[in-house]
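Observations on the three-dimensional arrangement
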Amino acid sequence: MSALPGSAEGTAVTGLDSSAVEVHEDLPPLTETTRTECREIMARYPVPRSALLPMLHLVQSVQGYVTPEGVALCAQELGLTKAEVGAVATFYTMFKRRPTGRHLVSVCTNTLCAVLGGQRIFDAVAGELGVHHDETTADGSITLEHAECLAACDYAPVVTVDYEFYDQQDVGSALELVAALRRGEKPDPTRGAPLTDFRGISRQLAGFSQHADDAAARAAVDGPSAGVPTLRGVRLAAERGESAPAMPDAEPRPGADAAAPAAVRPDADGGRTPGAAAADTQVAAADNPAERSGAEQNHPDRAEPAGREAADRDAPAPDADGQAQSGSGTSVPREV
Ligand code: FES
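Note that the coordinates shown come from a computational prediction; the quantities given were computed from them, not determined experimentally.

Right, let's get into the overall build of the protein. The helix and strand inventory of the protein stands at 13 helices and seven strands. Counting across all 336 residues of the protein, residues that qualify as buried make up 30%.

What follows is about the environment of Arg97. Mapped onto the secondary structure, Arg97 falls in the loop between helix 5 (82-89) and strand 1 (103-108). A residue is classified by how many C-beta atoms lie within 10 Å of it, and Arg97, with 22 of them, is buried. Considered as a pair, Arg97 and Asp134 are 37 residues apart in the sequence and their alpha carbons are 9.5 Å apart.

Quick look at helix 4 (residues 68-78) now. For helix 4, the complete set of buried residues consists of Gly70, Val71, Leu73 and Cys74. For helix 4, the arc enclosing every buried residue in end-on projection is 160°, short of the 170-degree limit, so these residues lie on one face. On its buried face, helix 4 is in contact with helix 2 (32-42), helix 3 (52-63) and helix 5.

A few words now on the sheet that holds strand 1. Pairing is mixed in the open sheet, where five strands are placed in the order 2-3-1-4-5. Since the sheet does not close on itself, it has two edges, and those belong to strand 2 (135-136) and strand 5 (164-166), each with one partner. Pairing analysis gives three bridges linking strand 1 to strand 4 (residues 159-161), with the strands arranged antiparallel. Residue pairing across strands places Val105 opposite Val161, the latter belonging to strand 4.

Calculation rules
- Residues numbered from 1 in each chain as written.
- Predicted model: local features only at pLDDT ≥ 70, side-chain atom pairs only at ≥ 80, totals over all residues.
- Helix = DSSP H or I, 4+ residues; strand = E, 2+ residues; numbered from the N terminus.
- Buried ≥ 20, exposed ≤ 12 C-beta atoms within 10 Å, placed from the backbone.
- Arc of directions from axis to C-beta.
- Contact = placed C-beta atoms within 7 Å.
- Pairing = 2+ DSSP bridges.

Structure follows, in structure tokens:
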């Protein structure tokens, strides 16, 4: 009997998946080591129940999803009921209710990504893998899900694998990505840390290293994050001499011109912004190729990556009768 029973009625009312958690007999057991690590997590917080989220990530890292056994362990350690733990586990989409594949592929189909082709990417990947939302391929390599905004709209359309970013995807690049994953490869994410797998990243989210030793952990440090699209708004504001109006009750910063914050204002020397000048300094100060490459990648003057196209560019635009036309398709302006 599942600790997290659901019902068809619940699904009908809420539109959410309220199906019962799946129970499998062949899962790795939650051992005393897991229990000890749960207690380590609890010791990090003044109030033990604050540890629930990382504890759920921990049991998920062992068994691949939050099982009734995992719910029971968290409840027992925290002095909560299984219903209380289950209520939390079923609220957050990062906690899975059935076995996951080695990798979790999330395709953003929220507004901005959808406008740029996110739904087309999801449909193509689902068709290629033969699965729907929240289903796992028969070979156990990939669980696919569509996701709400992944907080990377500036890089839309976005796909994540085990929460690592693969930015500015299109149908072709997304299909190449999942093919590589099924071959057992781990393509480098566009930014951030190297790809691991779903259980590994769940362990990391619980606050433990997923790496065998310190050297491996050091080798997997985060890579560059903010890039050209992230900083474009600041850059354009600087070029146009624009600034955000001051907040009504904001205290003026010492020495700051409230009408034009220095952070987005070109300086007097050739229109260089303070951010660009700081990036120049970082590039110049880099004392090894890797550091220089990272600094250059984050430089606001870096050129837009080549090859990005609106995913719908080749879709014929419908005419007034809703029939597809030949010739140029719809296009979505991406430059502001
Ligand atoms: S809408 Fe896709 S990342 Fe925000």
